[in-house]
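Residue-level structural notes
Chain residues, written in single-letter form:
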Amino acid sequence: MRVLLVGAGGVGTAVTRIAARRDFLSHMVVADYDLSRAEAAVAALGERGARFSAHRLDASDQDAVRRMLLDQRCDVLLNATDPRFVMPLFRAALDAGTHYLDMAMSLSVPHRERPYEECGVKLGDEQFALAERWQEAGRLALVGMGVEPGMSDVFARYAADELFDDIEEIGIRDGADLTVEGYDFAPSFSIWTTIEECLNPPVVYEKERGWFTTAPFSEPEVFDFPEGIGPVECVNVEHEEVLLIPRWVDARRVTFKYGLGDDFIAKLKTLHALGLDSTAKVTVPGDDGPVRVSPRDVVAACLPDPAGLGDRMTGKTCAGTWVKGTKDGSPREVYLYHVVDNEWSMREYGAQAVVWQTAVNPVVALELLATGAWSAAGVLGPEAFSPGPFLDLLTEYGSPWGLREEN
């Protein structure tokens, strides 16, 4: 399999380090707007880097991406950029006749009059609008195949297939006890994406009502995370699982709640109050005259790169899917989860826990596509596939998952 990886940031670099250890990959083209990042990702692989090459590529240039896919004879495009670039990459892969895989879906637009009650443009709507064309082309766009969304969706499908006869609620619950030495505020993942998902109206699904929205940080609850992380307060956040799971898994309610903490929420609210979460460009003075820049990009530039925090970071991160329903006529409640210890991921891969946990899942999925264990056409989420092969291969990668009975 020949793969075009677009994006050589933290997650993209972790992808290369994981994929370099697997035999299914014949070649990976590592492309980034900043050529030095792509070159650094390849150089860090040492002797394992023979199947990798570095190139400069503008992810917003759909035709340039299409040409690279064709020139490099790639079978699939793996998108490791932020969600702004989903659609040009998605369309480029369709135009080039290759498969496509991403970890975050096309952006949402809040409802103009009732943002905290009704959905406007939902996450992934632009991609699903092209599903028929992907089907007709006989190519697969596997969307939302990171950790959350991604592994969490696989857990939902596994629960429906193996653990429950009837599902009342599926709730993705994400929490961590990670700390970063020397920083008062240092997000462990892209602040651009974090602002997008945390400050947009969260989406909830109910079978009788469909998709609807609530206020940011609504419905707080304390969830007890496994492997020593412990109780963390979680709140509603906009996330792709709520838009994906109901398409393939029968559940009466689907939610996503993220363990942010009061301090993190307060900082996000301050950014919003000051307009620093905006992506609309403003004019600011520069050494050579006025410069147009978006406030959110300025915030991202002022914060440390999450990929470089691993040496200062301690603790664990947990991604998981809580499911409540019945089995054989009796109530059942479980939490399927995956925990990564930062000490382990840094020692084994030189990647901090959050980016490594995100990166391992698309690599597992690529291997399943390469072997034919997963095969389909159209625009599909992870829950559209049999979960067994994925979970077995994830364990083979040295990163097992867990299941905890909740009652």
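What counts, and at which threshold
- Sequence positions are assigned chain by chain, starting from 1 and proceeding in written order.
- Reporting in this predicted model follows two pLDDT cut-offs: at least 70 for local features of residues, and 80 or more for side-chain atom pairs to be given and counted; totals over whole chains, interfaces and linings ignore these cut-offs and use all residues.
- The basis for every side-chain value is the complete set of heavy atoms in the structure, and neither hydrogens nor water enter the calculation.
- We count a stretch as a helix when DSSP gives it H or I for four or more residues in a row; a strand needs E for two or more, and each element gets its number in order from the N terminus.
- Only C-alpha atoms enter the radius of gyration, while the globule expectation follows 2.2 Å times N to the 0.38, with N the number of residues.
- We call a residue buried when its accessible area falls under 20% of the maximum for its residue type, exposed when it is over 50%, and partly exposed in between, using a 1.4 Å probe and counting protein chains only.
- Pairs of residues are marked as contacts when any of their non-hydrogen atoms sit within 4.5 Å.
- Salt bridge, as used here, is a side-chain nitrogen of Lys or Arg placed within 4 Å of a carboxyl oxygen of Asp or Glu.
- Paired strands are those between which DSSP finds at least two bridges.
- Angles run from 0 to 180 degrees between N-to-C directions of axes, and those axes are lines fitted to C-alpha atoms, restricted for helices to the stretch in contact.
- A 1.4 Å probe that fits into a set of points on a 1 Å grid over the protein atoms alone but cannot get out defines a cavity; an open set with protein on both sides within 12 Å along at least five of seven lines defines a pocket, and lining residues are those with an atom within 4 Å of a point.
- Grid points are joined across faces, edges and corners, and a volume is the space filled by probe spheres set on the points.
- Any residue outside Ala, Val, Leu, Ile, Met, Phe, Trp, Tyr, Cys, Pro, Asp, Glu, Lys and Arg is labelled polar, Gly included; the first ten of those are nonpolar and the last four are charged.

Another aspect to go through is the overall build of the chain. Along its length, the chain carries 14 helices and 20 strands. Its C-alpha atoms give the chain a radius of gyration of 20 Å, within 12% of the compact-globule value 22 Å for 407 residues. For the C-alpha atoms alone, the extent of the chain along its principal axes is close to 60 × 50 × 45 Å. Burial analysis of the chain (407 residues in total) assigns 57% to the buried set. For the chain, long-range pairs separated by at least 24 residues make up 71% of all intrachain contacts whose partners lie at least 6 apart in sequence.

Once that is clear, we can look at the pattern of salt bridges. Under the defined criterion, the tally for this structure stands at 27 salt bridges. Between Arg 84 and Asp 297 there is a salt bridge whose closest N-O contact spans 3.3 Å. Pair noted here: Arg 84 is in the loop between β4 (76-79) and α4 (86-96) and Asp 297 is in helix α11 (residues 295-302), with a separation of 213 residues, a long-range link. The exposure class of Asp 297 is partly exposed, given its relative accessible area of 28%. Arg 332 is the salt-bridge partner of Glu 405, the closest N and O atoms lying 2.4 Å from each other. Separated by 73 residues along the polypeptide, Glu 405 in strand β20 (residues 402-405) and Arg 332 in strand β18 (residues 330-341) bring together distant segments of the chain. One salt-bridge network, held together by shared partners, links Glu 169, Arg 173, Glu 206, Glu 219, Glu 221, Arg 253 and Lys 257.

So, about the sheet that holds strand β6 (residues 140-142). Spatially, the 7 strands line up as an open sheet ordered β3-β2-β1-β4-β5-β6-β19, and their pairing is parallel. Edge positions in the sheet fall to β3 (52-56) and β19 (378-380), since each of these pairs with one other strand and no more. The mean inter-strand angle of the sheet, taken between neighbouring strand axes irrespective of direction, is 15 degrees. With respect to the sheet, helix α1 (residues 10-19) is in contact with β1 (2-6), β2 (27-32), β3 and β4, its orientation differing from that of β2 by roughly 165 degrees. Of the strands in this sheet, β1, β4, β5 (99-102) and β6 touch helix α13 (residues 353-371), which is tilted by about 160 degrees from β5.

So, about empty space enclosed by the protein. To locate leftover empty space, one rolls a probe as large as a water molecule over the atoms. Scanning the entire structure with this criterion turns up 1 cavity of 30 Å³ or more. If you add up the space inside the largest cavity, you get close to 70 Å³. Taken together, 14 residues line the largest cavity, and the ones lying closest to its centre are Cys 119, Gly 120, Val 121, Thr 213 and Glu 238. A breakdown of the residues in the lining of the largest cavity according to their chemical character gives 7 nonpolar, 4 polar and 3 charged.

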